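Architecture at a glance
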There are 2 protein chains.
Amino acid sequence: MILKALANPIRLQILNWLREPHRYFSDQEVGDLDADGVCVSVIQRRVNLSQSTVSQYLTELQRAGLVQSKRIGQWTYYRRDEAGIRRFLDELERVIGQGEERTS
Amino acid sequence: MILKALANPIRLQILNWLREPHRYFSDQEVGDLDADGVCVSVIQRRVNLSQSTVSQYLTELQRAGLVQSKRIGQWTYYRRDEAGIRRFLDELERVIGQGEERTS
DNA sequence: CCACTATATCGATAATTATCGATATGTGCA
DNA sequence: TGCACATATCGATAATTATCGATATAGTGG
C-alpha cells in the first residue's frame, strides 16, 4: 500500500529530496544525479541510517511505484517515478478529495 | 502524522464513505447524516469492528484533522473536515508532487 | 438517584513495521 | 580467479500499530 510507504517520515523525505538531487545530495563519481538518479550510498550518507535500512526503504518506495531504479556498474541509482507519483496523488484525490460539488 | 492515519485501509474507507453518508450508512434516529455527520454506532455496524476500535479510529482521524465531531445528546457525530482534508492534499502535493517544472 | 444507551478510555496481546548486523550477490579490476 | 566495493537480502529484536474486552464517562428518561 502506497500510503504505508509514505507514512514513514524518512521515506517521505527521501522522495522529497529526490525532486532536487543537486540540492540535497553530494555529487557521485559516476552517473548524473538528474538523469540517472541518486545511488544508495549517497542517500545513506544523508539520512544516516544503516545501509540495509536505506536499501530496504528504497525497495519499498519502488514497490509502491514511487521511484525507479537503474543499475550502472556496481551502483543502483534511484530516481522519482513522476508518472507513478502523479497517479497516486490523483487517485488519493479521487478517494478522499471532496469530489464534484454542484454549486447550483 | 496524517499519512499514518490514512495508511490504515479501514480508516481510509471511513473517510471515503463519509463523502456520501446517505449512500453508505443507514439512517440514524437522531441527527441528519449530511448536516451533522454519522454517529459511531452506525459506522461500527458498517465496518464490523468492535466499538472501541471504531471509536479510536475516529479519534485518530480527528486528531489528524480529517474529521470533526459534534456531540448531540448521547451520540457523537463525525463528519469530514473538508478544509482539513484539502489542506492535507495540497500539502502532500507540495511535498511530493513534481512541483514547478520550467519547460523553457 | 437509577437503569439504559452511546461513546471514550484503559490495559493487554497479536500483528506489523523499524532497524540493525551479518551475510549473500553482483560488478569492476588486478 | 580473487579481492574490494556497492547493494540486496536474511534473521533477529525493538518499537509501533491493531484490536479486543473491560471499564469509565456522559447523557436520557423515569
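Below, the structure is looked at part by part.

Conventions used here
- Residues numbered from 1 in each chain as written.
- Chains lettered and ligands numbered in written order.
- Predicted model: local features only at pLDDT ≥ 70, side-chain atom pairs only at ≥ 80, totals over all residues.
- Near = placed C-beta within 6 Å.
- Helix = DSSP H or I, 4+ residues; strand = E, 2+ residues; numbered from the N terminus.
- Nonpolar A, V, L, I, M, F, W, Y, C, P; charged D, E, K, R; others polar.
- Least-squares fit on C-alpha atoms with pLDDT ≥ 70 in both.
- Contact = placed C-beta atoms within 7 Å.

1. A few points about the protein's contact with DNA strand C
Surveying the vicinity of DNA strand C reveals 24 residues, the closest of which are Ser-52 and Thr-53 of chain A together with Cys-39, Ser-41 and Ser-52 of chain B. Among the secondary structure elements, those contributing two or more residues to the surface near DNA strand C are helix H5 (51–63) of chain A together with helix H4 (40–47), helix H5 (51–63) and strand S3 (75–80) of chain B. Looking at which element gives the most residues to the surface near DNA strand C, the answer is H5 of chain B, with six residues. Of the residues belonging to the surface near DNA strand C, the class tally is six nonpolar, 16 polar and two charged.

2. Re the protein's contact with DNA strand D
Taken together, 23 residues form the shell around DNA strand D, and within it Cys-39, Ser-41 and Ser-52 of chain A together with Ser-52 and Thr-53 of chain B come nearest. If you list the elements that add at least two residues to the surface near DNA strand D, you get helix H4 (40–47), H5 and strand S3 (75–80) of chain A together with H5 of chain B. Among the elements that take part in the surface near DNA strand D, H5 of chain A stands out by supplying six residues, more than any other. Residue classes in the surface near DNA strand D are distributed as six nonpolar, 16 polar and one charged.

3. Overview of the relation of the copies chain B and chain A
Between the two copies of the chain lies a rotation about an axis combined with a shift along it. Once turned by 180° and shifted 0.0 Å along the axis, chain B lies on chain A with an RMSD of 0.0 Å. Here the copies are linked by what is in effect a two-fold axis. Mapped onto chain A, 100% of the interface residues of chain B are again interface residues, and the two copies thus contact each other with one and the same surface.

4. Considerations on the interface of chain B and chain A
Put simply, an interface is often sized by how much accessible area is lost when its parts join up. Opposite the 19 residues of chain B that make contact, chain A presents 19 residues. Elements that contribute at least two residues to the side of chain B that touches chain A include exactly helix H1 (2–6), helix H2 (9–17) and helix H6 (82–96) of chain B. A total of seven residues in the side of chain B that touches chain A trace back to one element, the largest contributor, which is H6 of chain B. Residues that form the side of chain B that touches chain A fall into these classes: eleven nonpolar, four polar and four charged.

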